[in-house]
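Per-entry structural report
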There are 4 protein chains.
Amino acid sequence: MALNRSTTATIAVERMPGKIALEEATGSPHFVAHGTHPPTPMIIGSKDGLPPYNTPFLEDIDDRLNNVEKRLQSMDQSGIGYAIVSLTCPGVEGIFDPKEAVELARKTNDSLYELYVKPHPTRFGFFCSVPMQDPEAAVKELERSVKELGAKGALINGFTNLDINDVSKVQYLDDPKCEPLWQKLNDLNVPLYLHPRIPPLNQQRMYENMPNLSQAAYGFGIETAGHALRIMCSGVFDRYPAVQLILGHCAEALPFLAHRIDHRMAIGIRGNNGPYKKSIMYYLQNNVYATLAGVRRESTMRNTIDELGESRTLFSVDYPYESNEDAADWFDGMQMNENTRRAIGYENAQRLFKL
Amino acid sequence: MALNRSTTATIAVERMPGKIALEEATGSPHFVAHGTHPPTPMIIGSKDGLPPYNTPFLEDIDDRLNNVEKRLQSMDQSGIGYAIVSLTCPGVEGIFDPKEAVELARKTNDSLYELYVKPHPTRFGFFCSVPMQDPEAAVKELERSVKELGAKGALINGFTNLDINDVSKVQYLDDPKCEPLWQKLNDLNVPLYLHPRIPPLNQQRMYENMPNLSQAAYGFGIETAGHALRIMCSGVFDRYPAVQLILGHCAEALPFLAHRIDHRMAIGIRGNNGPYKKSIMYYLQNNVYATLAGVRRESTMRNTIDELGESRTLFSVDYPYESNEDAADWFDGMQMNENTRRAIGYENAQRLFKL
Amino acid sequence: MALNRSTTATIAVERMPGKIALEEATGSPHFVAHGTHPPTPMIIGSKDGLPPYNTPFLEDIDDRLNNVEKRLQSMDQSGIGYAIVSLTCPGVEGIFDPKEAVELARKTNDSLYELYVKPHPTRFGFFCSVPMQDPEAAVKELERSVKELGAKGALINGFTNLDINDVSKVQYLDDPKCEPLWQKLNDLNVPLYLHPRIPPLNQQRMYENMPNLSQAAYGFGIETAGHALRIMCSGVFDRYPAVQLILGHCAEALPFLAHRIDHRMAIGIRGNNGPYKKSIMYYLQNNVYATLAGVRRESTMRNTIDELGESRTLFSVDYPYESNEDAADWFDGMQMNENTRRAIGYENAQRLFKL
Amino acid sequence: MALNRSTTATIAVERMPGKIALEEATGSPHFVAHGTHPPTPMIIGSKDGLPPYNTPFLEDIDDRLNNVEKRLQSMDQSGIGYAIVSLTCPGVEGIFDPKEAVELARKTNDSLYELYVKPHPTRFGFFCSVPMQDPEAAVKELERSVKELGAKGALINGFTNLDINDVSKVQYLDDPKCEPLWQKLNDLNVPLYLHPRIPPLNQQRMYENMPNLSQAAYGFGIETAGHALRIMCSGVFDRYPAVQLILGHCAEALPFLAHRIDHRMAIGIRGNNGPYKKSIMYYLQNNVYATLAGVRRESTMRNTIDELGESRTLFSVDYPYESNEDAADWFDGMQMNENTRRAIGYENAQRLFKL
């Protein structure tokens, strides 16, 4: 400790190596995955797929989605030892034609394996895409990806588009047609990462004229929380108590809200909100993992740990939409005992994915 | 401390007297305020105004909305010294005809004054209703209520209906037509309580078949958070930096999410999400008060205090939709220093409302 | 949730069964262990061994120290499935004659086994006493107790008296004579519970005229923290990195203070405070477990979890000096996710003691 | 947010200006105050006054204790707008001869006024020294300093030495001879800062061979907490309920321990620990302020805020024994809402000292 420092405004951060991140997006060699396919406006009033990001950010994105070396270099700088990559959103969920969805999912899964996992088995795993436009095919692709390619689980970007003529016609994972997916996740004993996706146009009224708010700033997190609630209320976790759902962004505010949701649901007529038997709080504590992707706020993290438990909180980044270096500075730099830092930084993930 | 107790499963709570609650709903003698007027289904698939509550709960509601003696008795049992009452939701906001809205707002404000405040000036204050279907009239009614009836501010139940033939045609408070309201709140130096309201039918897709989820369990909190974000992004708090917005339910998860909202908005093109100059975090800390109405969860409260500050967190209940006694047990019973318990229990409210 | 409750001042607590407690005191059939042996005043100004407790409390203590059935009954009421018992303080540490200490330690260890563990193997384990007046004999007794009687580790009540003519002549566990103890704990892979003991008379000046303050209220916790710091600074945990030290009462304020201790020690000349290589913070996180014995305060527990980690925090009571029922009400009743409640309630102890 | 940063290990801190610090030590032009007077060894085994600090630290200390310009420069770099300075420890409390103590206290108070306050009234205030070797004179000096020199209160460094031939003969502030001091503090309505001091030699047994542990690392904090407990138990705060005691280092672990102290004191015979009427917890919440001097640990600060309240927690540094820049980096850089940062950073102090 020096009594006098001339540089007064910086704090050095000691890097913790070996972190594991699991909400890390890539592109696909086979189609432009960060828009629907074919492209349709995803935000009220916008023409392109992505919201109007400022130009410096945009220019970088495509390169960073696909440049494996740059990604590894950034991981090295950030003390991230291992990343579970997945196709960026909306990904396969935004493919209107079911047959194309099936084919592009398969091809993309093969590519993620070939480009990331096979050459760098100690640095990368992947979550496979599953074409829920055709649930039967999705289930087969899940099995193939896990057993033949070593996929660590599946990642689904919110709702699945069903009709190019009606972009509001979508499918959520509590649809009975999706039951085989939950069965297969249970049988293979791998988790599902439910990743956000911009809500359908007809649901964006709350964020008219606020294109960033509709997507990552707010709207797509709320959409994901609602989707998770639909899944819980449908009784999926009663039928498959071992299945695990991963949610990013500290479980999309569900830790903050769960107690109130349960309390107000209890006022209703029994069974009126779905056949679920337990409670939202119970499912959060038994069937959900929360990642820190996109979160760099200690109080938010504390609320998440309070409600799910330290063992169900996992480090992640959301590269390249977030900076590995910034996430690492925040995580490595915060005042925290090292047992918890290791648990959240990589031990919980090692246990969950048997790494 | 007894080394042996036979009753092992109860903890006595010492009541803290003098608490102030400010999200406390009443009915109106002039119309049925807990539905739209005229009544329309407010939840997909339901015929009546209210969600299908279980029957014991429902039977009690109308009595408790209007029975002043019962309310006072419950407040006495709960150590609530003073309550700021307001018309239940959707209230005046759900009146389709502007002229009726103006008239019923005026009559209801007079009634709340006559029934609650005038006979019990040391026990009750009220927030007035303002008919935003006619902003000019709303502003006059706000002034009248504050100056002549001593209203502590206004309470608005979310969006305002504009058209009985199109229940999706609604108005939010960032609409330029609402500017005079903000100007008047500023001039009168009274706050606005933005209370939840069930989202319009066309926005309820996320909660299809889950009627309780669409309203108090989840949907109407999310709707309110979105509404508050619209208000902030429109620059209202830059134009009127002294105006204060009160949000219930621990500010509807905004404490949990604010850092992320700001961070992702910063990725956008400047000005693309509205003309606001500061940040969501800044407005939460300078223009927003959070009440504990409907919240009985310490971790949620801690996150709220962390992000807004102890001085901007206020006790409340949401009677009769919540139990005064349960809220008091939780608040009085939690382990907390008495300085903070007093601050949140009543001192912050005394300062805000000059009581 | 009832909107109206007539009993307004109690909160029901749902018992969590299967808790494990490990600071649970018994007497010995062979000598009066809650005083020195022979008895000497342990508190300035007092004649008897125990501080002047109020009479109702005192009358109960001897019975509760020795009545196995009453203890089991109380455990049943409190959801405590398993307790690791040990001889009350000062125990063997307060025996002046080394030969007596050796004999009474052995006899007492046999008795604890016979009275508690053998008849109730699924309800009780025990920590053995070790006569550090004769370190060689202590080490043999530790080995015998662990290998033949299944002791879960050793419990030492602070300093050991060495001389009946000079009660200030004491031995702490960083004394080089104690090295064989640490070696044996390492070899047997069992932990040491360092339990408080009233400081020697000549160290009680701070609490003159405040007999309760000198013992459990304050003085003996501070004495224990100082003792733990001596152990850490002597480099024991560098020589035996796997050895684990258990401290009650949330590690006697060390979580609160550790950062400051390390920071100020770093100002000193290297090596001037002992040959230790790491830091107090490091040892807390790698070599110390904290129990909740005697603590029923959530903020204190949170600080402990923050600094040691959830995995190193363990439920305990300190029966019969504390009430099992009160501890269980507090622990079972606090708002906490069930994963953490189970971890602290019993899973961490199951892992530490291989139960 | 850059997606790629080459400097990966630093976080910039935005300085909050206007902070107030109040445990800021100076020397005296009239005697060497960081030792006893005349000098005696203050640590077992050491010859000099100060513990064996490493040499770089020591060389700086005397300069920094007395160099006003350097202090101001450091305050400017750290965003500290105002500092309440006081004589370093042991200060006047370590002067053996009462007459000398009276004279040196008066001269030093005049000097602090002349050197700090008079030339820099918007940057410095001071706490006066009071020679408790002669309580009557001490009370007169307190009055003079407050009324004529504008002292903000008194600062006392722990116990007062009474006898050069017996350095263990000391006086604590609960001694009935000190009653006039409490009366005068009450009448003048100024607080008392109880600052640590190395325990008397005969009390240092716990830290033999660990000279830094005996002083700022641990021993002198524990000594101060014990002293504060003696004051509380003597009933001073019942006799003078408005008097305020300031403790540094987050109130020396009392927030962590208070609940347990009260609980165990309640087991004793009534009145057996002093005539106090309330509880330690009550006095902490009503009569104690905690400063962050010497603390740079968020969890410790949170426990302090939890138990005393945000309104009773104050920023401070302990310059020059701590670095202003480091304290400011920690305080300004931590994730905290700005209302609380301002309250703790300066608003609470402004209110307490009527600045």
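The structure we're discussing is the one just above.
First, a word on what this report is: a plain description of the structure on this page. Here, residues in each chain are numbered from 1, in the same order as that chain's written sequence. Chain letters start at A and ligand numbers start at 1, both assigned in the order the entries are written. Since the coordinates come from a predicted model, pLDDT governs what is reported: local features require at least 70, and pairs of side-chain atoms require 80 or more to be given and counted, while whole-chain, interface and lining totals use all residues. With hydrogens and water stripped out, all remaining heavy atoms of the structure feed into the side-chain values.

This part is about the pairing of strand S5 (residues 153-157) of chain C. All names here are of chain C. Think of it in three bands: with a 1.4 Å probe and only protein chains considered, a residue is buried below 20% of the maximum accessible area for its type, exposed above 50%, and partly exposed in between. Starting at the N terminus, helices and strands are each numbered in turn, a helix being any DSSP run of H or I of at least four residues and a strand any DSSP run of E of at least two. The buried count for S5 comes to 5 of 5 residues, which makes it a mostly enclosed element. Residues Gly153, Leu155 and Asn157 of S5 are buried on one face, and the alternating residues Ala154 and Ile156, pointing to the opposite face, are buried as well. Strand direction decides the pairing type here: strand S4 (residues 124-128) and S5, joined by 2 bridges, are parallel. When the bridges of S5 are listed, Cys128 appears paired with Ala154. Every crossover in which the path from the first strand over the helix to the second runs clockwise, viewed with the strands pointing away from the viewer, is termed right-handed. With helix H4 (residues 135-149) bridging S4 and its parallel neighbour S5, the resulting β-α-β unit is right-handed. The pairing criterion for strands is at least two bridges between them, as found by DSSP. Looking at chain direction, S5 and strand S8 (residues 192-195) are connected through 4 bridges and run parallel. Pairing of Ile156 across the sheet is with Leu194, part of S8.

Only residues with pLDDT of at least 70 in both copies contribute their C-alpha atoms to the least-squares superposition of the copies. The operation relating chain B to chain A is a screw motion whose rotation component is 180°, with 0.0 Å of axial translation and a residual RMSD of 0.0 Å. What we have between these two chains is a two-fold relation. For chain B, the minimum C-alpha distance to the rotation axis belongs to Gln203 of chain B and amounts to 2.9 Å. Interface overlap between copies: 100% of the residues of chain B at the interface are likewise at the interface in chain A, consistent with a symmetric, same-surface contact. Any two residues whose heavy atoms approach within 4.5 Å at even a single point are treated as in contact.

Here we come to the sheet that holds strand S4 (residues 124-128) of chain D. Residues and elements named next belong to chain D. Strand order across the open sheet formed by 8 strands is S2-S3-S4-S5-S8-S9-S10-S11, with parallel pairing between neighbours. For this open sheet the edge positions go to strand S2 (19-26) and strand S11 (313-314), each flanked by a neighbour on one side alone. Sheet topology note: the strand S8 (residues 192-195)/strand S9 (residues 245-247) ladder contains 3 bridges and is parallel. In the sheet register, Tyr193 faces S9, and the bridge partner there is Ile246. Only the stretch in contact is used when a helix axis is fitted, and all axes are lines through C-alpha atoms; the angle between N-to-C directions ranges over 0 to 180 degrees. Along the sheet, helix H12 (residues 298-308) makes contact with strand S10 (288-291) and S11, crossing S10 at roughly 165°.

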